[in-house]
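Fold and contact review
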Amino acid sequence: MSSGLGLAPGETVTLLTAAGPQPVTVSGTVDGPGLWVADDVARAWTGACRSSAC
């Protein structure tokens, strides 16, 4: 999460995703824009399924 948002590690924030609002806990910040999540989380948040495992 961008440090410019003023959030600190451990704080909870709700992100609006294609799958709907998702509560997340900030685990770290970076000096620049962006948001990073694990690949499996990103896939789930797209609201799409590309395999029979969904």
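Residues numbered from 1 in each chain as written. Predicted model: local features only at pLDDT ≥ 70, side-chain atom pairs only at ≥ 80, totals over all residues. Heavy atoms only, no water.

This next bit is on the overall build of the protein chain. Scanning the protein chain from N- to C-terminus turns up one helix and two strands. Ordered by position from the N terminus, the helices and strands of the protein chain form the series β-β-α. Per-residue burial over the protein chain gives 17% buried out of 54 residues. Long-range contacts, defined as pairs at least 24 residues apart, comprise 40% of the intrachain contacts of the protein chain with a sequence gap of at least 6. (Helix = DSSP H or I, 4+ residues; strand = E, 2+ residues; numbered from the N terminus. Buried < 20%, exposed > 50% of the residue type's maximum accessible area, 1.4 Å probe, protein only. Contact = heavy atoms within 4.5 Å.)

The subject of this paragraph is the pairing of strand β2 (residues 20-25). Here strand β1 (residues 12-17) pairs with β2 via six bridges, running antiparallel. Of the residues in β2, the one forming a bridge with Leu15 is Gln22. With antiparallel pairing between neighbouring strands as the criterion, β1 and β2 make up a hairpin whose turn holds two residues. (Pairing = 2+ DSSP bridges.)

Moving on: the environment of Thr12. In this fold, Thr12 is placed in strand β1. The class of Thr12 is exposed, set by a relative accessible area of 56%. Taking the C-alpha atoms as reference, Thr12 lies 6.2 Å from Val26; in sequence the two are 14 residues apart.

This part takes up the environment of Asp31. Mapped onto the fold, Asp31 is located in the loop between β2 and α1 (39-45). Along the primary structure Asp31 and Gly4 are separated by 27 residues, whereas in three dimensions their C-alpha atoms are 7.6 Å apart.

Tracing the chain through its elements places Thr17 in strand β1. Reaching out from Thr17, the side chain makes a polar contact with the backbone oxygen of Gly20 at a distance of 2.7 Å. Among all residues touching Thr17, those that are not within four sequence positions of it are Gln22 and Trp45. (Polar contact = N/O pair within 3.5 Å; in protein donor to acceptor, adjacent residues only side chain to side chain.)

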